Amino acid sequence: MRILGVRIDHVDMKSAVKKAAESINPQKPFVIVTPNSEIVVKANEERPLLDFIENAGMVVPDGIGLVIGSKLVREPLKERVTGIDLMVELVKYASTNRKSVYFLGGKPGVAEQAAEKLKERFPGLEVAGAHHGYFKGLHTGAKGHSEELAVIEDIKAKKPDMLFVAFGAPKQEYFIDAYKDILGAGLLMGVGGSPDVISGNVKRAPEIYQKMGLEWAYRLAKEPWRIKRAGALPIFALNVLIKKDRPM
C-alpha cells in the first residue's frame, strides 16, 4: 500500500521477522526501512529518500500515524511494527541461528553498551563488531573521508549477517543506500536511537504509552528540543486527510 505516495508493506511483527530471516543474503543485501509519519513527510520532500524506500526489501510501519493513516485510505495495516522491537527480534533470531550482528552509530561507547546488553539477554549472540557514529564521512556530508573508509573496511572484514545503523533518519538510510552493495552484510536496517534505549542511556516510554502509540508524546515531554521534528505530524495528518479520497 501507499500513504502519501510512500510504500508501506502489510506486515505484522511475526511476518516481518520471518521475511527478514529468510532474506539474509550478502550477495543481494536485504534492506529494511522503518518509516514513521516524519519520514513519510520527508520522503515527499527528498526524492532520493523516496526512491530508497521504494527499492527496499521491506518497509514496516514504525509510527502509529501510519496505522491511523492506513485506515483513512481504507487499507488498514495489521499493526505497528516498531524499529526497536523488530531489531530486538532479529537479534534474538541471530542468537539462536548462528548469525552475526554489527552495531553502528550512536555516541562513543553506546553501540558497545547496547551489544553487551543484548549479549546478556540473548546468550550465544555473536557480535561481529560495534562502532560509534561520530566519524566524518558521507552521513555528515564529507563523502570518502578516511574515518568513514576505515569503518567501512572494518565492516567488510567482519562480514556481519546483520548490520544495524543508528545515525537517525535519513542519514542512516543514505549511508545504507551508498554502501549496501560493498559492506558484505546480508541484512541492513536503520534503527535510529534504538541503541541508546537498549544500552540504558535513554529511557523508553512506559508500556502504556507504547500500546497507545504515544511514545512520541512521551519523548517530546522528556526532550522538548524535538518540537521542531514533531511539526511533521500535523503536516502528515493534514495531507492524509486532504488526499484520502484520491488514488495513492
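Note that the coordinates shown come from a computational prediction; the quantities given were computed from them, not determined experimentally.

Basis of the calculations
Residues numbered from 1 in each chain as written. Predicted model: local features only at pLDDT ≥ 70, side-chain atom pairs only at ≥ 80, totals over all residues. Heavy atoms only, no water. Buried < 20%, exposed > 50% of the residue type's maximum accessible area, 1.4 Å probe, protein only. Helix = DSSP H or I, 4+ residues; strand = E, 2+ residues; numbered from the N terminus. Arc of directions from axis to C-beta. Contact = heavy atoms within 4.5 Å. Axes fitted to C-alpha atoms, helices over the stretch in contact; angles between N-to-C directions. Left-handed = near helix turned anticlockwise from the far one by under 90°. Phe/Tyr/Trp six-rings, centres within 6.5 Å; stacked < 30°, edge-to-face > 60°.

Caption draft 1: Spotlight on helix 8 (residues 171-179). Those residues of helix 8 that sit buried are Gln172, Glu173, Phe175, Ile176 and Tyr179. Angularly, the buried residues of helix 8 cover 160° about the axis, an arc narrow enough to put them on a single face. Those residues of helix 8 that are buried lie in contact with strand 3 (30-33), helix 3 (47-54), strand 5 (100-105), helix 7 (146-158), strand 7 (162-166) and strand 8 (187-190).

Caption draft 2: Structural context of the packing of helix 3 against helix 8. Two elements in contact, helix 3 and helix 8, have axes whose closest approach is 10 Å; the angle formed by their N-to-C orientations is 65°. Of the two possible hands of crossing, helix 3 and helix 8 adopt the one that is left-handed. Here Pro48, Leu49 and Phe52 of helix 3 come into contact with helix 8, specifically with Glu173, Tyr174, Ile176 and Asp177.

Caption draft 3: Summary view of the packing of aromatic side chains. For the structure shown, the criterion picks out four aromatic pairs. Ring centres of Phe135 and Phe167 lie 5.8 Å apart, and the angle between their planes is 70°; this geometry places the pair in the edge-to-face category. Of this pair, Phe135 sits in the loop between strand 6 (126-131) and helix 7 while Phe167 is found in the loop between strand 7 and helix 8, placing the two residues 32 residues apart along the sequence. Taken individually, Phe135 and Phe167 each receive the classification buried, so the pair is uniform in this respect. Aromatic pair Phe175 and Tyr179: ring centres 5.2 Å apart, planes at 65°, arrangement edge-to-face. Linking Phe175 with Tyr179, this pair stays in helix 8, spanning four residues, or about one helical turn. Here Phe175 and Tyr179 have matching classes, each one buried. Here a set of aromatic residues connected by ring pairs shows up, and it is made of Phe135, Phe167, Phe175 and Tyr179.

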